[in-house]
Amino acid sequence: MKIIAFANQKGGQAKSLISTQFAFCLAELAEKRVAFIDADEQSSSTYTLRAFEAGNRAYQFFGGEPVKVNGGDSPITLFSADKDHLRLVEKMDDQIKMDANRKVILPEMATNLRARLDEISDRFDWCVIDTPGSNSKVPNATLIAADYVVVPCTIDAYALPVANEMLTRIRAVQQHLNPKLKLIGLLPVRFKANDREMVKHLKELLTFQKDTVLRAKIGDRSAFPYAADHGIPVWKVDRSAAREAAKELREVFDVIGSKVGGF
Ligand SMILES: Nc1ncnc2c1ncn2[C@@H]1O[C@H](COP(=O)(O)OP(=O)(O)O)[C@@H](O)[C@H]1O
Ligand SMILES: [Mg+2]
């Protein structure tokens, strides 16, 4: 099982929207067995994937007991966000320590997450994790446990510096805590091709972060929130305007596929 996280410490960056659409792509286009962990107490992804609710909870991955998987026969197995429990997870100890030989000792919540993911790894091909838009314990533990991370990001003056901080954090995790973590890249979302400022920002970004920015992007299109609200993949939205959206999603899926060596 490969583990891919969608992370950005800023809210409103389409993490939930893209991670759920990505899960639909894996399940329906690539016919993979998908586990989806909604680790954000705001539970947007749980809402979109509500058809797959089977009583599995995301917080259990941070605990000391193996996760019992209910259902598991549907294309996507949802581990839904449970606000009260996820808040308790945020209160767990996340201190990183060193032993006498200066070897890093990971916090229990991260080793628990790794162990729990390992235990379900035979049942699924891919695990998609949606994370909260904060620099907090749950997203940090997720980065320690994941194989891949995508950073969705809007292309504006507020969001770009935060995305940069996120990239710095990812690099620090790669260096010290999880060398297997691969940065897939920064994914421009809600892009407006007719917004001159946005176009200018993207040009700059492509100059300074050439290798980090994915060669595909998601436009600002009403078909995306419509699909998220109706709990369906965007290619099933019955509007002509959804066609471009579906094409963009497919391109993003293919670009990520090429970065992970195929699904
Ligand atoms: N491509 C898009 N086009 C239009 N609206 C979008 C698009 N992507 C996301 N949105 C909207 O932007 C808001 C933030 O998206 P969301 O996935 O909740 O972000 P995050 O999970 O990073 O906080 C939501 O209202 C969502 O419906
Ligand atoms: Mg979200």
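In the block above lies the structure referred to throughout.
Our subject in this report is the structure included herewith. (Residues numbered from 1 in each chain as written. Chains lettered and ligands numbered in written order. Predicted model: local features only at pLDDT ≥ 70, side-chain atom pairs only at ≥ 80, totals over all residues. Heavy atoms only, no water.)

1. Section: the pairing of strand β1 (residues 2-6)
Inference 1: Taking burial as the measure, the five residues of β1 include four buried ones, the bulk of the element.
Inference 2: The pairing of β1 with strand β6 (residues 126-130) spans five bridges and is parallel. Looking at the pairing, alanine 5 lines up with isoleucine 129 of β6.
Inference 3: Across three bridges, the pairing between β1 and strand β7 (residues 148-154) is parallel. Along β7, the bridge assignment pairs isoleucine 4 with tyrosine 148. (Buried < 20%, exposed > 50% of the residue type's maximum accessible area, 1.4 Å probe, protein only. Helix = DSSP H or I, 4+ residues; strand = E, 2+ residues; numbered from the N terminus. Pairing = 2+ DSSP bridges.)

2. Notes on the site of ligand 1
Inference 1: In the neighbourhood of ligand 1, 14 residues make up the surrounding shell, with Gly12, Gln13, Ala14, Lys15 and Gly219 lying closest.
Inference 2: Within the side chain of serine 16, an N or O atom sits 3.0 Å from an oxygen atom of ligand 1.
Inference 3: Contact with the protein chains covers 79% of the free accessible surface of ligand 1, which is 560 Å².
Inference 4: If you list the elements that add at least two residues to the shell around ligand 1, you get α1 (15-29) and α8 (223-230).
Inference 5: The biggest single contributor to the shell around ligand 1 is α1, with three residues.
Inference 6: Of the residues contributing to the shell around ligand 1, the split by class is five nonpolar, five polar and four charged. (Near = heavy atom within 4 Å. Polar contact = N/O pair within 3.5 Å; in protein donor to acceptor, adjacent residues only side chain to side chain. Areas by Shrake-Rupley, 256 points an atom, 1.4 Å probe, with all protein chains shown as cover. Nonpolar A, V, L, I, M, F, W, Y, C, P; charged D, E, K, R; others polar.)

3. Observations regarding the packing of aromatic side chains
Inference 1: Going through the model one piece at a time under the given rule, you end up with eight aromatic pairs.
Inference 2: What links up through ring pairs into an aromatic cluster is the set Phe6, Phe22, Trp126, Tyr148, Phe253 and Phe263. (Phe/Tyr/Trp six-rings, centres within 6.5 Å; stacked < 30°, edge-to-face > 60°.)

4. Quick word on the side chain of glutamine 13
Inference 1: Locating glutamine 13 in the fold gives a position in the loop between β1 and α1.
Inference 2: Separated by 3.2 Å, the side chain of glutamine 13 and the backbone oxygen of glycine 11 make a polar contact.
Inference 3: Here glutamine 13 is in contact with Asn8, Pro152, Cys153, Thr154, Ala159 and Val189, once residues within four sequence places are set aside. (Contact = heavy atoms within 4.5 Å.)

5. Examining the pattern of salt bridges
Inference 1: Overall, the coordinates contain twelve salt bridges when judged by the stated rule.
Inference 2: For the salt bridge of lysine 97 with aspartate 93, the shortest nitrogen-to-oxygen distance reads 3.7 Å.
Inference 3: We classify lysine 97 as partly exposed; its relative accessible area is 45%.
Inference 4: For arginine 221, the salt bridge goes to glutamate 248, with nearest N and O atoms at 2.9 Å. You can see arginine 221 sitting in the loop between α7 (196-208) and α8 and its partner glutamate 248 sitting in helix α9 (residues 242-259), a full 27 residues away along the chain.
Inference 5: For arginine 221, a relative accessible area of 29% corresponds to the partly exposed category.
Inference 6: For glutamate 248, a relative accessible area of 12% corresponds to the buried category. (Salt bridge = Lys/Arg side-chain N within 4 Å of Asp/Glu carboxyl O.)

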